[in-house]
Amino acid sequence: MVGAERKGVKHKPPALRRLRRDRLPGYAARMPDLTSRLGNLTLATPFMAASGTFGYGSEYAPIVDLANLGAVVTKSLSVAPREGNPTPRIWETSAGMLNAIGLENCGLDVFIEKKVPELAKLPTKVLVNVVGNSIEEYAEICTRLDPIEAVDGFEINISCPNVKHGCRFASDAADCERLFKALKPTTKKLLLAKLSPNVTDVAEIARAAVEGGAQALSLINTLLGMAVDVKTRRPRIANVTGGLSGPAIKPVALRCVWQAARACPGVPVVGIGGIRSLEDALEFFMVGACAVQVGTTNYLDPDLLNRLPGELDAWLKAEGYADLKPLVGSFKA
Amino acid sequence: MNYAACIAAPKDFLQRRAEPLAQEAVSSRYFLLTLREPEIARRARPGQFVMLACRPDDPASCDPLLPRPLAVLDADPAAGTLALLYFQAGRGTALLHRTVSDALAGRSGAALRIIGPLGNGFTALEKVDAHIGVGGGSGVAPLVFFFRRLKAQGERHLILAARSAEQLARADCVAAPQTALHEATDDGTRGFRGNAVGALAALLDGPLAGRKPGLYVAGPEPMMEAAALVARQRGLPCRVSLEARMACGVGVCRSCVVEALTPHAHSGLYRRAICQDGPVFDPAELAGVWSGVARP
Ligand SMILES: Cc1cc2nc3c(=O)[nH]c(=O)nc-3n(C[C@H](O)[C@H](O)[C@H](O)COP(=O)(O)O)c2cc1C
């Protein structure tokens, strides 16, 4: 079929040729288009590295070709430097892991001085994950990073389970809306709201973030959990509770993405949680995500980010799709 | 395209699939694992480690999920092989043993995902007239590799400790040229009766009395803390190879941190990642039990 079609259009002028192909729904004659739009940003591929699992991008540069990524999301950044929680900070669980790193990061000043010049060299988009204890702290980071060219947008982490007051914006719709209303005027760059699964109604928070001014949503952050050493009767991680991530959380993440996407039609949603293969990513696309982030899997299989664009390309070709549009939200309940 | 070249931070590590060639029990707790991985073998230095998957690479098998950090025992660039001496410590290493056995028997896929070589290894201490390794548990491998590659002048002693004789690794697996091996067991079933630090004190007060040796320490944390204390009290230079639960091995997950006495040049933080900034440290530069000094 493809061969016959090629022959058929051979003598047509190039403009007409393009036009005809465009008119055929789902017909991919050449490379499928892997780009994905997130607010005012166009990502080269719909695959990103999740915050806290990929450092500042350059750490994995020896083994991951960053051009395969739509974006790198940096480790959560706070205004003041944070030393993080005491150790042990992680515990491996069935098909997942618990972490309570405590948002260890260098703080805004050092970030601008030392990390931004490195981020500027990355051959991919950079989203800075922002965390704060108050609206003012979030706003200060967005304000100061807005003029910096290397920063393409902000992922606002309202959902870290490991800090005091950290969950207010994640679980209270009014607080969440207030936060994004306050952030909107600080930047023209993408504002992506990263939501927590540790809420009664994720759809309500999703709507509040969008209402406040978030142009896109990403979810989920980790699920609050814990583990006990029965010999000592003590917690496995020093912080007692921690965030669960990895394949174990994928079903919860899919449910949350589906609910958020239905609650906010037309708003780009980024799926996160337990992605370990293309098939996992396809599940997220089908329930409404237009891009996905790979987190915990980077630790065991950093090569997945190298493989995903090629695998998606092959999958789209096999389906006869020219781009992601017919895939996103194609799930039928 | 290689972006690593234009970025300051990254080290020269690879991700590969390594084919297990042999696995042998060399004590009741140690297994000697030989892998074919020429590129990592060429780059590996003493004290460096690899992150090795415990299960064949299959998205459906995700328990245990994380790879395990294992120190390199030896690397043969000519043969393209990498030797690991792993100490069976928990579920991951038990599964690794079974996975490799199955692979060698042709019962499962052969290659294991491996990332490495990672971390900064041991370098010879200067202004010393002898080199003493103090090791136990999973600390044996990096020390043996260090003494096998050591070029510096000076007498060489390697103290290896275990609970009892049957746990000590077979002597040929831990032998290094011109290096005197001192074994120690808690129950006295072989060598010195007592722990590694007792054997160290005996060596320092006996054959090496009046000398200025450098100490290289790797093993269980209480042992390393005690050895660092000995070094401090006697004014001897010392290096410890720290271990911690790790997820990534490359400095991004921030799970394996230890506190230092000075801020880090790149982050301004007092935390060091054992995987990225270590695993080998001068205990005098660390806070708390390592140096006896609290962080400012
Ligand atoms: C060790 C670790 C550290 C993390 N740090 C952050 C962080 O600083 N900020 C953030 O928004 N999410 C953080 N996350 C959450 C991830 O970005 C992601 O939302 C979550 O792990 C679920 O995806 P996964 O199952 O693919 O890992 C962290 C996750 C892990 C495992």
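Basis of the calculations
Residues numbered from 1 in each chain as written. Chains lettered and ligands numbered in written order. Predicted model: local features only at pLDDT ≥ 70, side-chain atom pairs only at ≥ 80, totals over all residues. Heavy atoms only, no water. Helix = DSSP H or I, 4+ residues; strand = E, 2+ residues; numbered from the N terminus. Buried < 20%, exposed > 50% of the residue type's maximum accessible area, 1.4 Å probe, protein only. Contact = heavy atoms within 4.5 Å. Areas by Shrake-Rupley, 256 points an atom, 1.4 Å probe, with all protein chains shown as cover. pLDDT = per-residue confidence, 0-100. Core = buried A, V, L, I, M, F, W, Y, C linked by side-chain atoms within 4.5 Å. 1 Å grid on protein atoms, 1.4 Å probe; cavity = no way out; pocket = protein on both sides within 12 Å on 5 of 7 lines; lining within 4 Å. Points joined across faces, edges and corners; volume = space filled by probe spheres on them. Nonpolar A, V, L, I, M, F, W, Y, C, P; charged D, E, K, R; others polar. Near = heavy atom within 4 Å. Polar contact = N/O pair within 3.5 Å; in protein donor to acceptor, adjacent residues only side chain to side chain. Sits in = over half its atoms within 2 Å of the grid points. Phe/Tyr/Trp six-rings, centres within 6.5 Å; stacked < 30°, edge-to-face > 60°. Lys NZ or Arg CZ within 6 Å of the ring centre and 35° of its normal. Buried area = accessible area lost by both parts, 1.4 Å probe. Salt bridge = Lys/Arg side-chain N within 4 Å of Asp/Glu carboxyl O. Patch = residues over 30% accessible without salt bridge, like charges linked within 9 Å, V, L, I, M, F, W, Y side chains within 5 Å. Pairing = 2+ DSSP bridges. Axes fitted to C-alpha atoms, helices over the stretch in contact; angles between N-to-C directions. Parallel < 35°, antiparallel > 145°, perpendicular 65-115°, else oblique.

Trainee: Mind showing me how you'd approach the overall build of chain A here?
Mentor: Looking only at helices and strands, chain A features 11 helices and 16 strands. For chain A, buried positions account for 59% of its 333 residues. Within chain A, contacts between residues at least 6 apart in sequence are counted, and of these 70% link residues at least 24 apart. When the accessible area of chain A is evaluated, it comes to approximately 13300 Å², of which 54% is carbon and sulfur surface.

Trainee: Please clarify how the confidence of the model for chain A should be interpreted in this entry.
Mentor: Note that predicted coordinates carrying low pLDDT should not be read in detail. Per-chain confidence: chain A averages 91 in pLDDT, with 89% of residues scoring 70 or above. Here residues 1–28 of chain A scores under 50 on pLDDT; set against residues more than four positions off or in separate chains, the count is 22 contacts.

Trainee: Help me understand the nonpolar core, please; the structure alone is not making it clear to me.
Mentor: One recurring pattern in soluble globular proteins: nonpolar side chains tend to sit buried together. If you look at the biggest cluster of nonpolar residues, it comprises 140 residues, and the most contacted ones within it are A:Leu145, A:Ile156, A:Ile158, A:Leu217, A:Leu219 and A:Leu312. For this core, the element with the most residues is helix α8 (residues 250–263) of chain A, which contributes 7 residues. Leaving out residues up to four positions away in the same chain, A:Leu217 has contacts with A:Leu192, A:Ala193, A:Leu195, A:Ala206, A:Ala209, A:Val210, A:Ala260, A:Cys264, A:Val267, A:Pro268, A:Val269 and A:Val270. Counting 27 residues, the second-largest nonpolar core is a separate cluster that includes B:Phe87, B:Val140, B:Leu158 and B:Ala176.

Trainee: Would you take a moment to explain empty space enclosed by the protein for this structure?
Mentor: Once rolled over the atoms, a probe with the size of a water molecule shows which space is left empty. Summed over the entire model, instances satisfying the criterion amount to 3 cavities of 30 Å³ or more. In this structure, the largest cavity spans a volume of roughly 450 Å³. Lining the largest cavity are 34 residues, and of these A:Ser51, A:Thr53, A:Asn99, A:Asn221 and A:Thr222 lie nearest its centre. When residues of the lining of the largest cavity are traced back to their parent elements, those giving at least two are β6 (96–99) and β16 (291–294) of chain A. For the lining of the largest cavity, the per-class residue count stands at 14 nonpolar, 18 polar and 2 charged. Within this model, the second largest cavity holds a volume of roughly 170 Å³. Looking at the second largest cavity, it is lined by 18 residues, and the ones nearest its centre are A:Arg276, A:Leu300, B:Ala53, B:Arg55 and B:Leu65.

Trainee: I would appreciate a short explanation of the site of the ligand in the present structure.
Mentor: Residue and element names in this part refer to chain A. The local shell around the ligand holds 23 residues, among which Ser51, Ser76, Lys194, Gly274 and Thr296 are the closest. Interatomic distance of 2.8 Å between a side-chain N/O atom of Ser76 and a nitrogen atom of the ligand. Gly246 is positioned with one of its backbone polar atoms (N or O) 2.8 Å from an oxygen atom of the ligand. Cavity membership is defined here by more than half of the atoms lying within 2 Å of grid points; on that basis the ligand lies in the largest cavity. Along the lines of polarity and charge, the residues of the shell around the ligand split into 7 nonpolar, 14 polar and 2 charged.

Trainee: Help me out: how do you make sense of the packing of aromatic side chains in this one?
Mentor: Tallied over the entire structure, the rule returns 13 aromatic pairs over all chains. Ring centres of A:Trp258 and A:Phe331 lie 5.9 Å apart, and the angle between their planes is 85 degrees; this geometry places the pair in the edge-to-face category. Placement of A:Trp258 in helix α8 and of A:Phe331 in the segment after α11 (304–319) is noted, with a sequence separation of 73 residues between them. Owing to a relative accessible area of 40%, A:Phe331 belongs among the partly exposed residues under this scheme. When the centroid spacing of 5.3 Å and the interplanar angle of 70 degrees are considered together, the rings of B:Phe146 and B:Phe147 count as edge-to-face. Here a set of aromatic residues connected by ring pairs shows up, and it is made of B:Phe122, B:Phe146, B:Phe147 and B:Tyr216. Directly above the aromatic system of A:Phe169 lies the positively charged group of A:Arg168, at a separation of 5.0 Å from the ring centroid.

Trainee: For this particular structure, what's the right way to read helix α7 (residues 202–212) of chain A?
Mentor: All names here are of chain A. The complete set of buried residues in α7 reads Val202, Ala203, Ile205, Ala206, Ala208, Ala209 and Gly212. Residues of α7 that are buried in the fold lie against α5 (168–171), α6 (173–183), β9 (190–194), β10 (216–219) and α8. Residue Asp201 occupies the N-cap position of α7, its side-chain oxygen lying 3.1 Å from the main-chain nitrogen of Ala203. Backbone geometry just downstream of α7 places Gly213 in the positive-phi region, at approximately 135 degrees.

Trainee: Looking at this structure, how should I read the interface of chain A and chain B?
Mentor: Note on interface size: it is often stated as the accessible area lost on association of the parts. On the chain B side, the residues contacting the 52 residues of chain A number 43 residues. Between chain A and chain B, a total of about 3800 Å² is buried, with carbon and sulfur atoms accounting for 59% of that surface. Of all residues in chain A, A:Glu83, A:Glu92 and A:Tyr299 bury the most surface against chain B, accounting for 17% of the area lost on that side. In this structure, the connection of chain A to chain B is made through 4 salt bridges. Among the ionic pairs, A:Glu83 bridges to B:Arg271, the shortest N-O distance being 3.7 Å. For the side of chain A that touches chain B, the elements supplying multiple residues, two or more each, are β5 (90–93), β6, α3 (108–119), α10 (297–300) and α11 of chain A.

Trainee: So what exactly am I meant to see when it comes to a nonpolar patch on the surface here?
Mentor: All names here are of chain A. Residues Met226, Val228, Val230 and Val240 make up a contiguous nonpolar surface patch of roughly 380 Å² in combined accessible area. Its place among the elements puts Val228 in strand β12 (residues 228–229). The exposure class of Val228 is partly exposed, given its relative accessible area of 47%.

Trainee: Explain the sheet that holds strand β8 (residues 155–162) of chain B here, please?
Mentor: In a beta sheet, neighbouring strands pair by backbone hydrogen bonds and run either parallel or antiparallel. Residues and elements named next belong to chain B. As summarised here, the arrangement of the 7 strands in space is β10-β9-β8-β7-β11-β12-β15, forming an open sheet in which the pairing is mixed. Strand pairing shows two members of the sheet lacking a second neighbour, β10 (192–193) and β15 (280–281), which therefore form its edges. Summarising the sheet, strand β9 (residues 179–185) and β10 pair through 2 bridges and their orientation is parallel. When the sheet's bridge partners are listed, Ala184 is paired in β10 with Phe192. Sheet strands touched by helix α5 (residues 196–205): β7 (130–136), β8, β9, β10 and β11 (213–218). Its angle to β8, the strand with the most contacts, is close to 150 degrees.

Trainee: Even after reading the chapter, I still don't get the packing of α8(A) against helix α9 (residues 278–286) of chain A, so can you show me in this structure?
Mentor: Residues and elements named next belong to chain A. In contact at an axis separation of 9 Å, α8 and α9 are set at 25 degrees when each is read in the N-to-C sense. Taken together, the axis directions place α8 and α9 in an arrangement best described as roughly parallel. Of the residues in α9, those in contact with Lys250, Ala253, Leu254 and Val257 of α8 are Asp280, Glu283 and Phe284. Class assignment for the residues of the contact of α8 with α9 results in 4 nonpolar, no polar and 3 charged.

Trainee: Before we go on, may I ask you to explain the pattern of salt bridges in this structure?
Mentor: Where charged atoms from two side chains of opposite charge come close, those side chains can pair. Under the definition given, this model contains 33 salt bridges over all chains. Among the salt bridges present, the one from B:Arg68 reaches A:Glu92, with a minimum N-O distance of 2.7 Å. Here B:Arg68 is found in strand β4 (residues 68–76), whereas its partner A:Glu92 is found in strand β5 on a different chain. For A:Lys325, the salt bridge is made with A:Asp323, and the minimal N-O distance between the two is 3.3 Å. For A:Lys325, a relative accessible area of 67% puts it in the exposed group. A residue is classified by how much of its surface remains accessible, and A:Asp323, at 17% relative accessible area, is buried. Within this structure, A:Asp301, A:Asp303, A:Arg307, A:Glu311 and B:Arg113 form a network of salt bridges that share partners.

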